[in-house]
Amino acid sequence: MTNTVRLADYRPAPQLLERTDLLVALGAEGSEVTARLAFQPNPAADGPGPLVLQGVDLELLELRLDGESLGAEAYALESERLVIPVPPSRPFLLESRVRIHPETNSTLEGLYVSGGLFTTQCEAEGFRRITFHPDRPDLLSRFRVRIEADQASCPVLLSNGNCIETGPLPPDPATGAARHFAVWDDPFPKPSYLFALVAGQLEEVRDPFTTRSGRTVQLRLHVEPGDAPYTAHAMASLKRAMAWDEQRYGLEYDLDEYNIVAVRHFNMGAMENKSLNIFNSKLVLADAETATDAELERIESVIAHEYFHNWTGNRITCRDWFQLSLKEGLTVFRDQSFTEDLHGAALNRIENVALLRNTQFREDAGPTAHPVQPDAYQAIDNFYTTTIYEKGSEVIRMLHTLLGEEAFMRGMALYVSRHDGSAATCADFVQAMEDAAQQAWAADPRAPRFAFAQFRRWYHQAGTPVLQVQRHWDGETGVLELQIRQHTPPTPGQSEKQPLVIPLALGLLGQAGDPLAVQLEGEPAPAMDHPTGTRLLVIDQPEQHLRLVGLPRQHHPPALSLLRHFSAPVKLELGRPTAELVHLLAADPDPFSRWDAGQELWRQALLARAAADGSGEDLAAGPLEAALIDAIRRILADPSLSDASRSALLGLPGLAELEDGAVAAGLEPDPPALFAAQQQLQRRFGVALAEPLTLALERCRDGWPRAWPDGDGARRLTGVIWGWRAAAGDAAVLAAARAAVEGPSMTLARAGLRALQPLAGPEREAAMAAFYGRWQHRPVILDAWFAMEASAPLADGLARVARLLEHPRYDPMAPNSVRAVLGGLAANPPVFHAADGSGYRFMAEQIAAVDRRNPITASRLAKVFSRWRSYGPARSAAMHAALEQLAGAELSANTREVVTLCLGDR
């Protein structure tokens, strides 16, 4: 039975680890690892204690303490650890030699072989698959690594730090093959999860970067042979990230070289190992012909994210895995800020909120809900979630919003100066921010104040808070009263919730669309010191009453624009009439709130259509849809809007949001009906807006050949228009979408495929065949074909997925391939949510099969069943039966934990 690890049980290790010296002798059939670990007693520990070393699938060949061989009576070798009950109470050296088998390691943890390439993934607990080691993040040590390998198959030998020696070795005694070695030294202490090693046949692309202090850093990208031409974007992104971190945070890179390796078989997107980042190849290899604009931006963001970890994650790491968001939430905030500075804050904010609402909000409302700082886990790999990353970033963003840029950056400087070179906690970070806030508040009595003790609840309390807003307008006096209540629904293990500190940015719009000053009763008339009239208020009580005065005396109240720039990760419950939402969609000066008003209109229209009797095909456009059509016509004609803004305003809410909206409205979510409503609405609007859409499409053509990011907006809007007009049967658009598949832009090619995907017909089949024929030898690109085929809402959907799993180009050992096909199935409502439960049963079978070779990928896929309780009786019963089917299989600890949580059998 898997043990539960609890934050309350954390204790400092009895021994500190000063050095980790490794000799890794790589072989085609087994490798040997010799580890020399220098320990000394830990004065911060509760007292002396046993030396506990973790080890998984290791064959112990030798164990020595201070040079003397240890007999079996001196240690206990358990299933996944080695314990020396009474280690010396002085500094000592422990040396072990083990045999491991990277060539048969399919978990993609520890040291494994990917396409002939030796590579590692040690976060969170993979290092214990390489050698016996404490393998805990609060033990930082200096690493020196000597790698020995066959020179022909492994000409490139990489590890952390700086390479200090290379040379030949005597030939292999059995084969006579040439061997060689390399020695890498990392001068900065690090935990074992940041260890990395790569060995194999790689091409190198090198470029220098000069830091602001004048040092030259060699940037080296290592890719599989033939992939070097696709690295220019990644290299340029890395340089932009390094320059930005120096300019914005004053943080400079600290070693002589920085290495990135791209590998096909990788569980994560990327890993920030000190000076040797290992990336999923799809997040490195790209140009305009092989990657979409969104993928180019994603690559830039992830390259930056892993680089930013050098300080927020590596130089300052986390004390224990309960502090995971300390490094991940903070670094997501930093990479989002980087993207905002480079490409504009408004659209980036909209994209991040859409992701949050469709993934993290759903997680918060389900059986796997957990706080940003969890208090217990069984498999830590299950906590690499949108709560830890994206919600953790929102918590950091709220501090930035509440404190302002100057005080926040002062807090960051305090945090870095206090904890550089150590393992810190979330509490350490918040304390630095509190100390900076006290200085700011002393200097500016008008700055908004809040209790940091209460703010810390964001770290410990799961669930998405809800703000319920009621208002009363007195037109005779120009007074708007707001009654604001906050509550957080119960989550597993947390039935009672406490009020949080919620920064609420609001604004008011007059009937002409002009921003109005927000003046609280008892305040002097404020100057309009923000061009949009935005006012930041702190909501920290279960219920608060606000009186806004000094407003124009008129019959109709001003339009209320709440949660501007998405100032807090909360849900709003505020009944606003269609006319007010349309007014905000047309005139709100805050781009997020303008988009959000449109999203609310879309949600209402789609839920109404999904709830209609029958298929909804004959549902007439009511007043709401008519108002939306008029609003979109104005958006398409508005010269003040960019094409990227237009595409965002025309974007429909995701299916997860619509399901949550149905639950909030007291309805049973019906995913196939919601999906059908999306298709019907696109078709109806594509017909009703044929002329303005066609004119907008013509205007977009000039932007098609422009490089990213300049042509991004035109291509985005083209994709939206193609989807609507293809659904309406526009023959010219169908032909253009088909032709784009063989054009020079991957963005337009994929937009064409998306437009054709739901349409059963010769255009779709020809386009899919052409895409496959063009890219069948490029696995990174072909994964998109697998995903689109798996998510095609066609009658033979499940049989199609089964054929894909047997396809000769499908790679069951590559997480990208698995996610493309099974993730595509999960994103295919008519097939996955089929009324007979066949989609659920098939998915359960496949997850069990994946779990046998890759528990991390399987456990993440298993979360597709997490919302089974929210559906109607028949669908809920079918999904529950599939979960029980999965629970009956022999599962890993990772997948078992997720399935148990989903079933509620804790």
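Further up the page is the structure itself.
Everything in this summary refers to the structure shown in the same document. (Residues numbered from 1 in each chain as written. Predicted model: local features only at pLDDT ≥ 70, side-chain atom pairs only at ≥ 80, totals over all residues. Heavy atoms only, no water.)

1. A look at the overall build of the protein
Scanning the protein from terminus to terminus reveals 28 helices and 33 strands. Over its C-alpha atoms the protein spans a radius of gyration of 28 Å, differing by no more than 12% from the 29 Å that the globule rule assigns to 906 residues. Along the first, second and third principal axes, the C-alpha atoms of the protein reach 90 × 70 × 60 Å. Sorting the 906 residues of the protein into buried and exposed places 59% on the buried side. Of the contacts made within the protein by residues no fewer than 6 positions apart, 72% connect residues no fewer than 24 positions apart. As displayed, the protein offers around 34000 Å² of accessible surface, 52% of which is attributable to carbon and sulfur atoms. If you average the places of the 86 positive and of the 114 negative side-chain charges in the protein, the two averages end up 1 Å apart. (Helix = DSSP H or I, 4+ residues; strand = E, 2+ residues; numbered from the N terminus. Rg over C-alpha atoms; globule rule 2.2 N^0.38 Å. Buried < 20%, exposed > 50% of the residue type's maximum accessible area, 1.4 Å probe, protein only. Contact = heavy atoms within 4.5 Å. Areas by Shrake-Rupley, 256 points an atom, 1.4 Å probe, with all protein chains shown as cover. Lys, Arg positive; Asp, Glu negative; His and termini not counted. Charge placed at Lys NZ, Arg CZ, Asp CG, Glu CD.)

2. Quick notes on the packing of helix H14 (residues 655–664) against helix H15 (residues 671–688)
At a closest axis distance of 10 Å, the pairing of H14 and H15 adopts a crossing angle of 120 degrees. Here the hand of the crossing between H14 and H15 comes out right-handed. On H15, the residues that touch Leu655, Leu658 and Glu659 of H14 are Pro671, Leu674, Phe675 and Gln678. Per-class residue counts for the contact of H14 with H15 are 5 nonpolar, 1 polar and 1 charged. (Axes fitted to C-alpha atoms, helices over the stretch in contact; angles between N-to-C directions. Left-handed = near helix turned anticlockwise from the far one by under 90°. Nonpolar A, V, L, I, M, F, W, Y, C, P; charged D, E, K, R; others polar.)

3. Points about the state of the cysteines
A complete count under the given rule lists 0 disulfides for this structure. Looking at the unpaired Cys426, the closest cysteine sulfur is the one in Cys318, lying at 8.6 Å. Residue class for Cys426 comes out buried when judged on its relative accessible area of 2%. (Disulfide = S-S within 2.5 Å.)

4. Thoughts on the sheet that holds strand E8 (residues 81–84)
Across the sheet, which stays open at both edges, the 3 strands sit in the order E4-E8-E7 with antiparallel pairing between neighbours. Strands with a single pairing partner mark the edges of an open sheet, and in this sheet they are strand E4 (51–54) and strand E7 (76–77). Bridge analysis of E7 against E8 gives 2 bridges, and the strand direction is antiparallel. Across the sheet, Leu77 pairs through a bridge with Leu82, a residue of E8. (Pairing = 2+ DSSP bridges.)

5. Observations concerning the packing of helix H12 (residues 623–637) against H15
Axis separation between H12 and H15 bottoms out at 11 Å; the angle between their running directions is 55 degrees. With respect to H15, the axis of H12 lies oblique. Considering how the two elements wind past one another, H12 and H15 form a crossing that is right-handed. Where H12 approaches H15, its residues Glu625, Leu628, Ile629, Ile632 and Arg633 are matched on the opposing element by Leu681, Arg684, Phe685 and Ala688. Here the residues of the contact of H12 with H15 sort into 6 nonpolar, no polar and 3 charged. (Parallel < 35°, antiparallel > 145°, perpendicular 65-115°, else oblique.)

6. What about the environment of Tyr459?
Examined against the element boundaries, Tyr459 turns out to sit in helix H9 (residues 457–460). Residue class for Tyr459 comes out buried when judged on its relative accessible area of 5%. Spatially, the C-alpha atom of Tyr459 lies 8.0 Å from that of Gly392, the residues being 67 residues apart in sequence. What Tyr459 contacts, discounting residues up to four positions off in sequence, is Pro371, Val372, Gln373, Val395, Ile396, Cys426, Phe429 and Val430.

7. Quick word on the packing of aromatic side chains
Here the structure, examined in full by the defined rule, presents 33 aromatic pairs. Aromatic pair Phe450 and Phe455: ring centres 5.9 Å apart, planes at 55 degrees, arrangement tilted. Residue classification places Phe455 among the buried residues on the basis of a relative accessible area of 0%. Measuring from ring centre to ring centre gives 6.2 Å for Phe832 and Phe865, while their planes differ by 40 degrees; the resulting arrangement is tilted. Here Phe832, found in helix H24 (residues 829–832), pairs with Phe865, found in the loop between helix H26 (855–861) and helix H27 (873–887); they are 33 residues apart in sequence, far enough to count as distant. No difference in accessibility class separates Phe832 from Phe865, as the two residues are buried. One aromatic cluster is present, built from ring pairs that chain together Trp244, Tyr249, Tyr253, Tyr258, Tyr307, Phe308 and Phe338. Geometry around Tyr10 places Arg319 over its ring, the cationic atom sitting 3.9 Å from the centre. (Phe/Tyr/Trp six-rings, centres within 6.5 Å; stacked < 30°, edge-to-face > 60°. Lys NZ or Arg CZ within 6 Å of the ring centre and 35° of its normal.)

8. Brief notes about helix H3 (residues 324–343)
Counted at 1.5 Å a residue, the expected span for H3 with its 20 residues is 28 Å, and the 28 Å between its end C-alpha atoms agrees. Burial of H3 is extensive: 17 of the 20 residues sit out of reach of the surface. One or two steps after H3, the chain reaches Gly344, where phi turns positive at roughly 105 degrees. (Expected span 1.5 Å × (residues − 1).)

9. So, the sheet that holds strand E33 (residues 571–573)
Taken together, 5 strands build an open sheet; the order of strands is E29-E31-E26-E25-E33 and the sheet is mixed. Single-partner strands in this sheet number two, and they are strand E29 (519–520) and E33. Direction of pairing for strand E25 (residues 466–474) relative to E33: parallel, over a ladder of 3 bridges. The residue bridging Leu467 from the neighbouring strand is Leu572, located in E33.

10. Focus on unusual backbone geometry
Leave glycine aside and you will find that most residues have negative phi; peptide bonds, for their part, are mostly trans. With an omega dihedral of 5 degrees, the bond running from Glu123 to Ala124 counts as a cis peptide bond. Take Ala124: it is sitting in the loop between strand E11 (117–121) and strand E12 (141–150). Note that the residue after Trp708, namely Pro709, is joined by a cis bond; omega there is 5 degrees. With respect to the secondary-structure elements, Pro709 resides in the loop between helix H16 (690–700) and helix H17 (712–727).

Take it as geometry only, folks, not as evidence of what the structure does.
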